[in-house]
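Overview (structure and organization)
The lines below spell out each chain.
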Amino acid sequence: MVDKKSGKEKTKGVIKRILYVAVSILGVITLILLIIPAFFRVLDGDSLAQQEEELAKLEKYYQDDNYEEMSKYLTDIDKNGGDYEKYVRLCELYKNMNQGIEKLEGIQEIEEIEVEYLQETLRMCMHDLSRIAEMEELNFPYNEEQGATYIRTQYEEALKQYMRLTEDEIVTAVASYVDENTDYMELAEIASQRIEEQRN
């Protein structure tokens, strides 16, 4: 009789311990399930705050037409997502513009100008100007009108100064751009003649 009682008590004790362990495990799992989402909400909040800070800084550079600093800053941050697209596109155009204007300025240093060199330079410039024209046709989808206008103006002024092109010639050249093989030989010859005339 005593053995049966003690056996039942042992079984009850084991069951109680199993239930205690099960409840403890369930409690820990519940706690983990509550803590992890809260942890990620904090991380997301930090991430969102950081992104807002980065975008505010980029927008300040944009408003100041400071594409040099914007470009440097973009290399230091993780620019994933569509929110950064405006700044990434403009910095790419700005970098291309600097290279294009450098080529245009280099014309002054060339003693005998080759028409092929002028055509290559025109293709480079018109590629970017045609991209800006496409942005304009789409009504500047990233609200990048100010930056695109700044870059276009810099390009146009350099084309007028170093290639002696007129406003109409530039507009026509932009409209006729198809790809990197677009034929600008006639315009390059006109530019070459004007440059030579100005030198003499």
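What comes next is a walk through the structure. The structure presented is a predicted model; accordingly, all values stated were derived computationally and were not measured.

Okay, the packing of aromatic side chains next. On inspection of all chains with the given rule, the structure shows three aromatic pairs. Their ring planes at 65° and their centres at 6.1 Å tell us that Tyr61 and Tyr73 sit as a pair that is edge-to-face. A residue pair is termed long-range when its members are at least 10 positions apart, and Tyr61 in helix H1 (residues 2-63) and Tyr73 in helix H2 (residues 67-76) qualify at 12 residues. Accessibility assignment for this pair places Tyr61 and Tyr73 in one class, buried. On the numbers, 5.4 Å between centres and 35° between planes, the contact of Tyr67 with Tyr150 is tilted. In this pair, Tyr67 is assigned in helix H2 and Tyr150 in helix H5 (residues 145-163), connecting sequence segments 83 residues apart.

Here Glu169 shows up in helix H6 (residues 167-176). There is a polar contact of 2.8 Å between the side chain of Glu169 and the backbone nitrogen of Thr166. For Glu169, the residues in contact, after removing those within four places along its chain, are Arg164, Leu187, Ile190 and Arg194.

Take helix H4 (residues 115-137) next. Relative to the 33 Å expected for 23 residues at 1.5 Å per residue, H4 spans 32 Å between its end C-alpha atoms, a close match to the ideal helical length. Backbone geometry just downstream of H4 places Asn139 in the positive-phi region, at approximately 60°.

One finds Leu58, Met70, Leu122, Met126, Leu159 and Met163 to be the most contacted residues of the largest nonpolar core, which totals 46 residues. Secondary-structure elements contributing two or more residues to this core are H1, H2, helix H3 (85-106), H4, H5, H6 and helix H7 (185-199). Setting aside residues up to four positions removed in sequence, Leu58 forms contacts with Met70, Tyr73, Leu74, Ile77, Tyr84 and Tyr87.

Another point: the packing of H2 against H3. Interhelical geometry of H2 versus H3 gives an angle of 120° and a closest axis separation of 10 Å. If you check the angle between H2 and H3, you find them oblique. Crossing angle aside, the handedness with which H2 passes H3 is left-handed. Every residue of H3 that contacts H2 at Tyr67, Glu68, Met70, Ser71 and Leu74 is listed here: Tyr87, Val88, Leu90, Cys91, Tyr94 and Asn98. Within the contact of H2 with H3, the residues separate by chemical class into eight nonpolar, two polar and one charged.

What follows covers the side chain of Glu156. Within the secondary structure, Glu156 is located in helix H5. With near-sequence residues (within four places) excluded, Glu156 lies in contact with Glu167 and Ile170.

Attention now goes to the environment of Ile195. Summarising the element assignment, Ile195 is placed in helix H7. When the C-alpha atoms of Ile195 and Tyr162 are compared, they prove to be 7.7 Å apart, with 33 residues separating the residues in sequence. If we skip the residues at most four places from it in the chain, Ile195 touches Ile107, Ile113, Leu118, Tyr162, Met163 and Arg164.

By the definition in use, this model includes 11 salt bridges. The residue Lys72 makes a salt bridge to Glu69 at a minimum N-O spacing of 3.5 Å. Of this pair, Lys72 and Glu69 both sit in helix H2, separated by three residues, roughly a single helical turn. Residue classification places Lys72 among the partly exposed residues on the basis of a relative accessible area of 45%. The class of Glu69 is partly exposed, set by a relative accessible area of 30%. The partner of Lys160 in a salt bridge is Glu157, and the shortest N-O contact between them spans 3.9 Å. Taken together, the residues Lys160 and Glu157, both in helix H5 and three residues apart, mark about one turn of the helix. Classification of Lys160 as partly exposed rests on a relative accessible area of 25%. Under the relative-accessibility criterion, Glu157 is labelled partly exposed at 44%. The structure contains a network of salt bridges with shared partners spanning Glu157, Lys160 and Glu167.

Calculation criteria
- The numbers attached to residues start from 1 for each chain and follow its sequence in the written order.
- Since the coordinates come from a predicted model, pLDDT governs what is reported: local features require at least 70, and pairs of side-chain atoms require 80 or more to be given and counted, while whole-chain, interface and lining totals use all residues.
- Working from all heavy atoms in the structure, the side-chain values ignore hydrogens and water.
- Centres within 6.5 Å are what make two rings of Phe, Tyr or Trp a pair, Trp counting through its six-membered ring; a difference in plane orientation under 30 degrees is then read as stacked, over 60 as edge-to-face, and the rest as tilted.
- In this text, helices come from DSSP runs of H or I with a minimum length of four residues, and strands from runs of E with a minimum of two, each type numbered from the N-terminal end.
- The cut-offs for exposure are 20% and 50% of the maximum accessible area for each residue type, with area from a 1.4 Å probe on protein chains only; residues under the lower value are buried, those over the upper are exposed, and the others partly exposed.
- N or O atoms closer than or at 3.5 Å make up a polar contact, with two conditions inside protein: a donor-capable atom paired with an acceptor-capable one, and, for residues adjacent in sequence, both atoms drawn from side chains.
- The contact rule is simple, with two residues in contact once any of their heavy atoms fall within 4.5 Å.
- Multiplying one less than the number of residues by 1.5 Å gives the expected span of a helix.
- Put simply, buried Ala, Val, Leu, Ile, Met, Phe, Trp, Tyr and Cys residues joined by side-chain atoms within 4.5 Å make one nonpolar core.
- Orientation is described by axes fitted as lines to C-alpha atoms, over the contacting stretch for helices, and by angles from 0 to 180 degrees between their N-to-C directions.
- Oblique is the label for every angle not falling under 35 degrees (roughly parallel), over 145 degrees (roughly antiparallel), or within 65 to 115 degrees (roughly perpendicular).
- Left-handed describes a crossing whose near helix is turned anticlockwise from the far helix by less than a right angle; the clockwise case is right-handed.
- Residue classes follow a fixed rule: Ala, Val, Leu, Ile, Met, Phe, Trp, Tyr, Cys and Pro count as nonpolar, while Asp, Glu, Lys and Arg count as charged, and any other residue, Gly among them, counts as polar.
- Criterion for a salt bridge: a side-chain nitrogen of Lys or Arg within 4 Å of a carboxyl oxygen of Asp or Glu.

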